[in-house]
4 protein chains.
Amino acid sequence: MLTPTPFPKSFASDNHAGVHPAVLSAVVDANTGDAPAYGGDSWTRAMEDVFRAEFGAGATVYPMFNGTGANVVGLGLTLRSYDAVLCPATAHINTSECGAAERLLGAKLVPLPTENGKITVDGIRGELSALGNVQRSQPRVISISQATECGTCYTADEIAELAEFAHARGLFLHVDGARLANAAAWLDCSMRALTTDAGVDLFSFGGTKNGAMGAEALVILNPELDAPALFLRKQGMQLASKMRYVSAQLTALLTGGLWRENATHANAMAHRLSDGVAGLPGVSLRYPVQSNSVFPVLPEKAIAELQQRYLFHVWDADENVVRWVTSFDTTAEHVDTFVSDIRLAVHGASSGA
Amino acid sequence: MLTPTPFPKSFASDNHAGVHPAVLSAVVDANTGDAPAYGGDSWTRAMEDVFRAEFGAGATVYPMFNGTGANVVGLGLTLRSYDAVLCPATAHINTSECGAAERLLGAKLVPLPTENGKITVDGIRGELSALGNVQRSQPRVISISQATECGTCYTADEIAELAEFAHARGLFLHVDGARLANAAAWLDCSMRALTTDAGVDLFSFGGTKNGAMGAEALVILNPELDAPALFLRKQGMQLASKMRYVSAQLTALLTGGLWRENATHANAMAHRLSDGVAGLPGVSLRYPVQSNSVFPVLPEKAIAELQQRYLFHVWDADENVVRWVTSFDTTAEHVDTFVSDIRLAVHGASSGA
Amino acid sequence: MLTPTPFPKSFASDNHAGVHPAVLSAVVDANTGDAPAYGGDSWTRAMEDVFRAEFGAGATVYPMFNGTGANVVGLGLTLRSYDAVLCPATAHINTSECGAAERLLGAKLVPLPTENGKITVDGIRGELSALGNVQRSQPRVISISQATECGTCYTADEIAELAEFAHARGLFLHVDGARLANAAAWLDCSMRALTTDAGVDLFSFGGTKNGAMGAEALVILNPELDAPALFLRKQGMQLASKMRYVSAQLTALLTGGLWRENATHANAMAHRLSDGVAGLPGVSLRYPVQSNSVFPVLPEKAIAELQQRYLFHVWDADENVVRWVTSFDTTAEHVDTFVSDIRLAVHGASSGA
Amino acid sequence: MLTPTPFPKSFASDNHAGVHPAVLSAVVDANTGDAPAYGGDSWTRAMEDVFRAEFGAGATVYPMFNGTGANVVGLGLTLRSYDAVLCPATAHINTSECGAAERLLGAKLVPLPTENGKITVDGIRGELSALGNVQRSQPRVISISQATECGTCYTADEIAELAEFAHARGLFLHVDGARLANAAAWLDCSMRALTTDAGVDLFSFGGTKNGAMGAEALVILNPELDAPALFLRKQGMQLASKMRYVSAQLTALLTGGLWRENATHANAMAHRLSDGVAGLPGVSLRYPVQSNSVFPVLPEKAIAELQQRYLFHVWDADENVVRWVTSFDTTAEHVDTFVSDIRLAVHGASSGA
């Protein structure tokens, strides 16, 4: 019999988690009377300082409400009206933003086939024959996700190769870094190594999935893209009036290595989970586990049984792939209980019970 | 000599204020472990209940990040690709959203002259000759602000007249209610009397300027507009993943009459301020004070002197009109100190000092 | 009794006219077997030559299908995503293109009050306070019509003043020249004097209303705007595949002064018409006659009676203003017959018959 | 040695051809003085009659300037702001309209893999999991090309299957019929059998590639899509003022079976061409020849040599596929001369000469 408590911990998404206490404290502490609106406050100044410390003195940072907002405003800075974004078919901008890039930017997305959510220079090259052809949208920016939507990571070298390739052809490299922290934690490097130092032009920095309440940011590393950012953020409905409460969250994450601590822990829980199900009959991993998500193939009956008491998404219904995501507040006990229930469900499925 | 402390209280905007303690507590209290994302949480259910209690059982409500977001998503629900919004020339959507309606919705805004920020049926009628003319954008929705950007209010009867006029011609009535609470407080009626009962089709509900941290909402009263709202909110980059922290703020405002208490206080402070400057030489009011803002004409020298120590905006530089806004946390002492400094500045200006 | 023949000649618009024989011949003559598509043909090369001869060696020209297309593609070249077009409230782009600029470009149009359809530097200045303000659409281009929609003309000096004013503030000057030929004919100067030499950055050249079958053009005089024109024309659905048949029309108009001959004649007919009705009881002119249209105020009864047998539009129903437009093929006899019928109708109206 | 005359006949595109004499005559004959603009003329009425005769009494037809215009306006009638178009990856709207659908409609295009340019119900089914998912663009319309960009044709049954599948799920079926005439000629059926009778909701009718000067049309068969068509055509910059000259072309094509005569001839020439190169060493066909284009694989050296004297496009540079298109005025002699030169070039290439 499975554990009776309903939904002891969600494995559906890292945005089912609450707010890390240090982030919440920072929000509460920001409530000290008046402050200028729209980013003219001292918390936003401090936040800019910690981002520059992390990503280099040339980085400019714009708090955003959510990842879609950060992606759309960021990509908007790179695009002319007739431009295309080359991205993995699996990209969040392509599959999970309800067509915001097309609708709000008028951009063409060119989805590329991926290996484990990653694209390579070779996969991009063929699309560049469009350059200069007036009948075709002009490739202008390559957008990748780090970590990818499949939970995998690009190495710093892989990113640098994409950036070099892009720049040599007049293109930009954009990164959807909703889980950049998890990638840096898994690769055991700085976030700077994966962005500034790798030649990335601009990226979305994700805070919400890593312990914030609701705080993302657009970070611009290529200064030639910076000029219209204030206008596009405002027009893009991402300008917070009481910005200090967003900035304070970002600062908290970048202070004392909290971002890494949270991400490292979430990653470790994902590995504990994938280790826990390794070798079970009928269970295999669709993608390697390189951050805080696990994509196992499970027996169909086991999926149905587990979903009665655990929150998680089916990733590929045809092939019985599900997605499990861990977060900063997933505990070893959460995982172990889940693993134990998975084992029961899988064995039950395989025994025909 | 003016009071030395710099910026003792901002009169620039009600979004310079902090968060009301009850709202902040609600946010903190929402941090109890996991909750489904994107509005599938119990705080959002509770928030929907309080909105229905306030605005009627037929109201649907969608939390939004900011007022521009609420306005754009709301108007988007009313518009076909070739439609126009009829709005006061002074409307926030026309003057202060960086062209979001045009850019993100492709909508034409038709700015109408106003009296004290308000439009009437007579001012609208002339535009309706466009109806059916294929060369012209089709008027589809009338959008008004309540309270207006000039701090004035439409009475319930005035709104009902606009709604009736609109509906008789197949148009909708939209209200930008960033300061709806202030209007209801000043008119001493329910918010429902100014919206549901007056025939409004949909409106933006403002929380942030009335003591929230960052919480607005789109409220739909005409059910035929509701169907695509979830898609437009997501595409419009206004879907909060950890929505509970936004919903909790809205619930706090609508609980125990906090919205009215905050708004009534802010309004009272605006009146205290306008009373305090009444009769000063060279000082007059551009608009009647009907909510929480005051638009005085001041001697140019007095403006310059006061801006050295107080935050407030110049509204009309050619005519020396400034805007002072009070908020839930403006105190009588704040006002009295400000008035005292205004008197000094105005007398200094008039004496040629 | 009025002349019995129904609709002997339309005074509704110059696009009710047919095609000038020389233009039609040019189209027929272009039908000589194969030619490369999309402008790679020798007729398009020839057309480019005649435009450069007319407007200067730095002019680039792009045939377009219609005036809306030329205006939208042209303005699109000047605008960033957060920009506004400052234009007369009477502008065709504002009143008669079904919101194309807002929808297809995402642009904000800022309609300015006019005198006889014309705007001045003084009327524009107030809008420039938006520059640099992140809440507001950024004025980027001034767009005027020449001749205006009221049939009046800007002098070369007036255009130069607008251009200088625009350039000094980083703005561009765009001209909707659907009736540029009529303006040049009335002002007795070259089209170049009103465009290239006056500092215009780009303009729409109108052929259709001046004897073509369907041929307009975007002409770019400021080379910094030229680069993306081919892409915007294609994306803007204005790229003719068998372009030679459009180019040939434009060449015909610019050959042997046909454009001036047609426009001068149409203008003369408008003056003959306005002269013919001068002094009639209850008849006055709303705007001075400076090109090929006449805007008389008529007795309401006379309007109704005349519209039974003549095609023309009511311009302002509240004030009984109508619009009469003449064209290259309007004859003196057409006008005289019309005048005679107008006299009968007006006298009938004034006698209460 | 190859035939010396340069470019005796283009095989690059059917829009390199001139205008069929009967179409040109119709244009010339339409030039009989005044006619109301914007489609209020008798030529447009007559054109509507012939379209209803061809496609059924319920068909409404809107002349358009070009195929991109017809496609964009047509698709725009089917789409809400958050909708997606499911189309073959090879579709003209996806590859050859410079992102117009994304930019002007804000639509997401979902490119599907094809077999010879055709998609099937099975290839579409997987995309429908997006229906109802607020994170994803909503599939709303299936768009196919007939003939396809690969020169192949859907049978009437294949179209009916797609239509049935679409309608059962609340989707529409759109056809880009730039070469609909060629398809009907090849399939030896009426155009109605491939559209009205097969359940197509709306389609672009191509005239230009089949002997017109510049005349396409949007034909709406599903009356629920018709209402906003006049507005979208105007806003979409596709409203011809002197429409009679476009309508007359369309009427000419649909009179006396000219459309079929032209298409049948062009198709026959394509087959003569493909027959002529069959069996040559190193030559094979990428796609079956089912209309007026041929896609052979050629030796790289032969391509280079032939392009020195013949106009045609390389379709796939990596695999040495080229595209040859025939038209209504391609003669047997043109083809035979070309074949003879192809033989020389291919043999030269294979002999290493």
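- The name given to chain A in an unreviewed UniProt entry is Threonine aldolase, with Streptosporangium brasiliense as the source organism.
- The heading Cofactor (unreviewed entry) in the UniProt record of chain A holds the text "pyridoxal 5'-phosphate".
- According to UniProt, the comment filed for chain A under the heading Sequence similarities (unreviewed entry) is "Belongs to the threonine aldolase family."

Observations regarding the overall build of chain A
Part 1: The helix and strand inventory of chain A stands at 13 helices and twelve strands.
Part 2: For chain A, the C-alpha radius of gyration of 21 Å lies close to 20 Å, the compact-globule estimate for 353 residues.
Part 3: Overall size of chain A, expressed as C-alpha extent along the three principal axes, is 65 × 55 × 35 Å.
Part 4: Within the span of chain A, comprising 353 residues, buried residues form 64% of the whole.
Part 5: Once local pairs closer than 6 in sequence are excluded, the contacts in chain A between residues at least 24 apart make up 75%.
Part 6: Element-wise, carbon and sulfur atoms account for 53% of the exposed surface of chain A, whose accessible area totals about 11400 Å².

Focus: the relation of the copies chain D and chain A
Part 1: Each copy of the sequence occupies a distinct position, and chain D is placed on chain A by a rotation of 180° and an axial shift of 0.1 Å, giving an RMSD of 0.0 Å. The superposition operator between the copies reduces to a two-fold rotation axis.
Part 2: Both copies share a contact surface, since 100% of the interface residues of chain D are interface residues in chain A too.

Some thoughts on the interface of chain A and chain B
Part 1: Between chain A and chain B, the residue contacts involve 49 residues of the former and 49 residues of the latter.
Part 2: Between chain A and chain B, roughly 4000 Å² of surface is buried when both sides are summed, and carbon and sulfur atoms account for 54% of that area.
Part 3: Looking at the side of chain A facing chain B, the largest losses of area belong to Gln235, Met237 and Lys242 of chain A, adding up to 19% of the total buried there.
Part 4: At the junction of chain A and chain B, the tally comes to two salt bridges.
Part 5: The residue Asp34 of chain B makes a salt bridge to Lys9 of chain A at a minimum N-O spacing of 2.7 Å.

A short note on the environment of Ala263 of chain C
Residues and elements named next belong to chain C.
Part 1: Within the secondary structure, Ala263 sits in helix α11 (residues 258-277).
Part 2: Along the backbone, Ala263 and Gln307 are 44 residues apart, and their C-alpha atoms lie at a distance of 26 Å.
Part 3: In contact with Ala263, other than residues within four places in its own chain, are Ala181, Asn182, Ala185 and Asn210.

Topic: the relation of the copies chain A and chain B
Part 1: Its rotation angle being 180°, the transformation that places chain A on chain B also includes 0.0 Å of axial translation and leaves an RMSD of 0.0 Å.
Part 2: A high fraction, 100%, of the interface residues of chain A reappear at the interface in chain B, so the copies pair face to face through one surface.

Some points on helix α12 (residues 300-307) of chain D
Residues and elements named next belong to chain D.
Part 1: Buried within α12 we find Ala302, Ile303 and Leu306. Buried positions in α12, seen along its axis, are confined to an arc of 105° and lie on one side of it.
Part 2: Contacts from the buried residues of α12 go to β11 (313-316), β12 (321-325) and α13 (332-350).

Section: the sheet that holds strand β4 (residues 138-145) of chain C
One key point about sheets: their strands pair by backbone hydrogen bonds, in either a parallel or an antiparallel sense.
All names here are of chain C.
Part 1: Taken together, seven strands build an open sheet; the order of strands is β1-β7-β6-β5-β4-β2-β3 and the sheet is mixed. What marks the edges here is a single partner per strand, and that holds for β1 (60-64) and β3 (108-112). The sheet shows a mean angle of 25° between the axes of neighbouring strands, taken without regard to direction.
Part 2: Alignment of β4 against strand β5 (residues 172-177), held across five bridges, turns out to be parallel. Note on β5: the bridge partner recorded for Val141 is Phe172.

Examining the interface of chain D and chain A
Part 1: In this assembly, 21 residues from chain D lie in contact with 21 residues from chain A.
Part 2: A combined buried area of about 1600 Å² lies between chain D and chain A, and 47% of that area is made up of carbon and sulfur atoms.
Part 3: Sorting the residues of chain D by area buried against chain A places Cys98, Arg103 and Lys108 of chain D first, and these three jointly supply 34% of that buried surface.
Part 4: For Lys108 of chain D, the salt bridge is made with Glu102 of chain A, and the minimal N-O distance between the two is 2.6 Å.
Part 5: Here chain D is connected to chain A by twelve residue pairs in polar contact (both at pLDDT 80 or more).
Part 6: Elements supplying a minimum of two residues to the side of chain D that touches chain A: α4 (92-95), α5 (100-105) and β3 (108-112) of chain D.
Part 7: Its residues assigned to classes, the side of chain D that touches chain A comprises eight nonpolar, eight polar and five charged.

As for the sheet that holds strand β4 (residues 138-145) of chain D
All names here are of chain D.
Part 1: Taking strand neighbours across the sheet as the criterion, the seven strands line up as β1-β7-β6-β5-β4-β2-β3 in an open arrangement whose pairing is mixed. If you trace the sheet from one side to the other, it starts and ends with β1 (60-64) and β3, each paired once. Put simply, the sheet's adjacent strands are angled 25° from each other on average, direction ignored.
Part 2: Bridge count between strand β2 (residues 83-88) and β3: five bridges; the pairing is parallel. When the bridges of β3 are listed, Leu86 appears paired with Val110.

Notes on the UniProt feature "domain: Aromatic amino acid beta-eliminating lyase/threonine aldolase" (unreviewed entry) in chain A
Part 1: Within this numbering scheme, the UniProt entry marks residues 11-294 of chain A as carrying the feature "domain: Aromatic amino acid beta-eliminating lyase/threonine aldolase" (unreviewed entry).
Part 2: Between the C-alpha atoms that bound residues 11-294 of chain A there is a distance of 10 Å. The span itself is 38% helix and 15% strand.

A word on the packing of aromatic side chains
Part 1: Applying the stated criterion across every chain, the model contains 54 aromatic pairs over all chains.
Part 2: An angle of 55° between the planes, with centres 4.9 Å apart, marks the rings of Phe55 of chain B and Phe203 of chain B as tilted. Taken together, the residues span a long stretch of sequence, with Phe55 of chain B in helix α2 (residues 42-55) and Phe203 of chain B in strand β6 (residues 202-206) at a distance of 148 residues.
Part 3: Here the aromatic residues Phe11, Tyr310, Phe312, Trp324 and Phe338 of chain A are joined through ring pairs into a cluster of three or more.
Part 4: Across from the ring centre of Tyr154 of chain A, 5.5 Å away, lies the NZ or CZ of Lys118 of chain A, which sits over that ring.

Describing the pairing of β1 of chain C
Residues and elements named next belong to chain C.
Part 1: Counting buried positions over the five residues of β1 gives four, a clear majority of the element.
Part 2: Strand direction decides the pairing type here: β1 and strand β7 (residues 216-220), joined by five bridges, are antiparallel. Bridge pairing in β7 links Met64 to Glu216.

Section: the side chain of Asn182 of chain A
Part 1: Structurally, the position occupied by Asn182 of chain A is in helix α8 (residues 180-187).
Part 2: Contacts of Asn182 of chain A, omitting those with residues within four sequence positions, involve Ala263, Ala266, Asn267, Ser291 and Asn292 of chain A.

Focus on the pattern of salt bridges
Part 1: The final tally for this structure, using the stated rule, is 64 salt bridges over all chains.
Part 2: For the salt bridge of Arg45 of chain B with Glu48 of chain B, the shortest nitrogen-to-oxygen distance reads 2.9 Å. Of this pair, Arg45 of chain B and Glu48 of chain B both sit in helix α2, three residues apart, which is roughly one turn of that helix.
Part 3: Exposure remark for Arg45 of chain B: the relative accessible area of 37% places this residue in the partly exposed category.
Part 4: What makes Glu48 of chain B buried here is its relative accessible area of 18%.
Part 5: When the shortest N-O distance is used, the salt bridge between Glu127 of chain D and Arg136 of chain D registers 3.8 Å.
Part 6: Judged by its relative accessible area of 25%, Glu127 of chain D is partly exposed.
Part 7: Taking the relative accessible area as the measure of exposure, Arg136 of chain D reaches 25% and is therefore partly exposed.
Part 8: Through salt bridges with shared partners, a single ionic network connects Lys9 and Asp329 of chain A together with Asp34 of chain B.

Quick notes on the domain arrangement of chain A
Residues and elements named next belong to chain A.
Part 1: Each domain of chain A was delimited in the assignment, giving domain 1 (22-253) and domain 2 (258-351).
Part 2: Centre-to-centre separation of domain 1 and domain 2, based on C-alpha positions: 28 Å.
Part 3: Listed per partner, the contact involves 24 residues of domain 1 and 21 residues of domain 2.
Part 4: Both faces considered, domain 1 and domain 2 share a buried interface measuring about 1800 Å² in area, 53% of it formed by carbon and sulfur atoms.
Part 5: For the pair domain 1 and domain 2, the interface holds zero salt bridges.
Part 6: The tally of links between domain 1 and domain 2 comes to nine residue pairs in polar contact (both at pLDDT 80 or more).
Part 7: At the level of secondary structure, the elements contributing two or more residues to the side of domain 1 that touches domain 2 comprise α1 (21-29), α8 and α10 (244-253).
Part 8: Here the side of domain 1 that touches domain 2 is composed, by residue class, of 13 nonpolar, seven polar and four charged.

Side note on the pairing of strand β12 (residues 321-325) of chain A
Residues and elements named next belong to chain A.
Part 1: Most of β12 is tucked away: five of the five residues are buried.
Part 2: Burial along β12 is two-sided: Val321, Arg323 and Val325 and Val322 and Trp324, pointing in opposite directions, are all buried.
Part 3: Bridge count between strand β9 (residues 293-294) and β12: two bridges; the pairing is antiparallel. Within β12, the residue paired with Val294 across the bridge is Trp324.
Part 4: Note that strand β11 (residues 313-316) and β12 share three bridges and pair antiparallel.

Criteria and thresholds
Residues numbered from 1 in each chain as written. Chains lettered and ligands numbered in written order. Predicted model: local features only at pLDDT ≥ 70, side-chain atom pairs only at ≥ 80, totals over all residues. Heavy atoms only, no water. UniProt positions renumbered as here; feature names shortened; annotations may be inferred. Helix = DSSP H or I, 4+ residues; strand = E, 2+ residues; numbered from the N terminus. Rg over C-alpha atoms; globule rule 2.2 N^0.38 Å. Buried < 20%, exposed > 50% of the residue type's maximum accessible area, 1.4 Å probe, protein only. Contact = heavy atoms within 4.5 Å. Areas by Shrake-Rupley, 256 points an atom, 1.4 Å probe, with all protein chains shown as cover. Least-squares fit on C-alpha atoms with pLDDT ≥ 70 in both. Buried area = accessible area lost by both parts, 1.4 Å probe. Salt bridge = Lys/Arg side-chain N within 4 Å of Asp/Glu carboxyl O. Arc of directions from axis to C-beta. Pairing = 2+ DSSP bridges. Axes fitted to C-alpha atoms, helices over the stretch in contact; angles between N-to-C directions. Polar contact = N/O pair within 3.5 Å; in protein donor to acceptor, adjacent residues only side chain to side chain. Nonpolar A, V, L, I, M, F, W, Y, C, P; charged D, E, K, R; others polar. Phe/Tyr/Trp six-rings, centres within 6.5 Å; stacked < 30°, edge-to-face > 60°. Lys NZ or Arg CZ within 6 Å of the ring centre and 35° of its normal. Domains from an automatic or database assignment.

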